[in-house]
Amino acid sequence: NLQVSWKILQEYDLRSKSIGQNLKKILNKNISIKGYMIPLDSSNKKISEFLLVPYMPSCYHVPPPPANMTINVKVQKNKTANYSYYPVEIIGVLSVSKSEEIKSNVNTGFSSGLYLMSASSVKEIRQ
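These numbers come from a predicted model, not from an experiment.

Cut-offs and rules
- Residues numbered from 1 in each chain as written.
- Predicted model: local features only at pLDDT ≥ 70, side-chain atom pairs only at ≥ 80, totals over all residues.
- Heavy atoms only, no water.
- Helix = DSSP H or I, 4+ residues; strand = E, 2+ residues; numbered from the N terminus.
- Buried < 20%, exposed > 50% of the residue type's maximum accessible area, 1.4 Å probe, protein only.
- Contact = heavy atoms within 4.5 Å.
- Core = buried A, V, L, I, M, F, W, Y, C linked by side-chain atoms within 4.5 Å.
- Polar contact = N/O pair within 3.5 Å; in protein donor to acceptor, adjacent residues only side chain to side chain.
- Pairing = 2+ DSSP bridges.
- Phe/Tyr/Trp six-rings, centres within 6.5 Å; stacked < 30°, edge-to-face > 60°.

Draft legend 1. Representation of the overall build of the protein chain in the model. Assigned secondary structure in the protein chain consists of two helices and eight strands. Scanning the protein chain from its N terminus toward the C terminus, one meets helices and strands in the order β-α-α-β-β-β-β-β-β-β. For the protein chain, the proportion of its 127 residues judged to be buried stands at 40%.

Draft legend 2. Summary view of the environment of Ala81. Within the fold, Ala81 resides in strand E6 (residues 81-82). Note: C-alpha distance between Ala81 and Lys45 (36 residues apart in sequence) is 8.3 Å. Contacts of Ala81, omitting those with residues within four sequence positions, involve Met37, Lys45, Lys46, Ile47, Val75 and Val122.

Draft legend 3. Spotlight on the nonpolar core. Leu9, Ile33, Leu52, Ile71, Ile90, Leu94 and Tyr115 are the most contacted members of the largest nonpolar core, which has 27 residues in total. Contributions of two or more residues to this core are made by helix H1 (6-9), helix H2 (21-26), strand E2 (30-39), strand E4 (49-53), strand E5 (71-75), strand E7 (88-96) and strand E8 (115-124). With four residues, E7 is the single largest residue contributor to this core. In this structure Ile71 touches Trp6, Leu9, Ile33, Phe50, Leu51, Leu52, Leu94, Gly113, Tyr115, Leu116 and Met117, once residues within four positions along its chain are discounted.

Draft legend 4. Spotlight on the side chain of Thr70. Tracing the chain through its elements places Thr70 in the loop between E4 and E5. One polar contact links the side chain of Thr70 to the main-chain carbonyl oxygen of Pro66, over a distance of 3.1 Å.

Draft legend 5. Structural context of the pairing of E2. The element E2 is largely enclosed, with a buried count of seven among its ten residues. For strand E1 (residues 2-3) and E2, the ladder comprises two bridges, and the chain directions are parallel. Bridge pairing in E2 places Leu2 opposite Ile31. Sheet topology note: the E2/E4 ladder contains four bridges and is antiparallel.

Draft legend 6. Highlighting the side chain of Ser84. One can find Ser84 in the loop between E6 and E7. Overall, Ser84 belongs to the buried group, its relative accessible area being 3%. Side chain to side chain, Ser84 and Glu124 meet in a polar contact 2.6 Å long. If sequence neighbours within four positions are ignored, Ser84 has contacts with Met37 and Glu124.

Draft legend 7. Examining the packing of aromatic side chains more closely. What the rule picks out here adds up to one aromatic pair. A ring pair is formed by Tyr83 and Tyr85, whose centres lie 5.1 Å apart and whose planes are at 80°; its orientation type is edge-to-face. We classify Tyr83 as partly exposed; its relative accessible area is 26%.

Written as structure tokens, this is what we have:
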């Protein structure tokens, strides 16, 4: 799996909707990326969908990351992931959302990700 940095994801220009060369190379491919989970359903320890962001906002004064730094992760069918406060490594196929409008999630205050990922693996990283 190709290890991808968040810097490559920033190559999507939110205003012009243009995609940088490095980003084009990884879209619709199996990649690995590290980040933090923001559960979309906080009522459950086992989750099947969450947002992945590059850093964990430590307080309400820190604005959430922009849409091109947010991945909406769906764990592949018949699998779930355990929620973790620790960083996680996600392996899966990355794509750009077809939705023209990036909505803000009422429960989390985060925008829905510009990116979508179908995750085959979610691993907690403990240093």
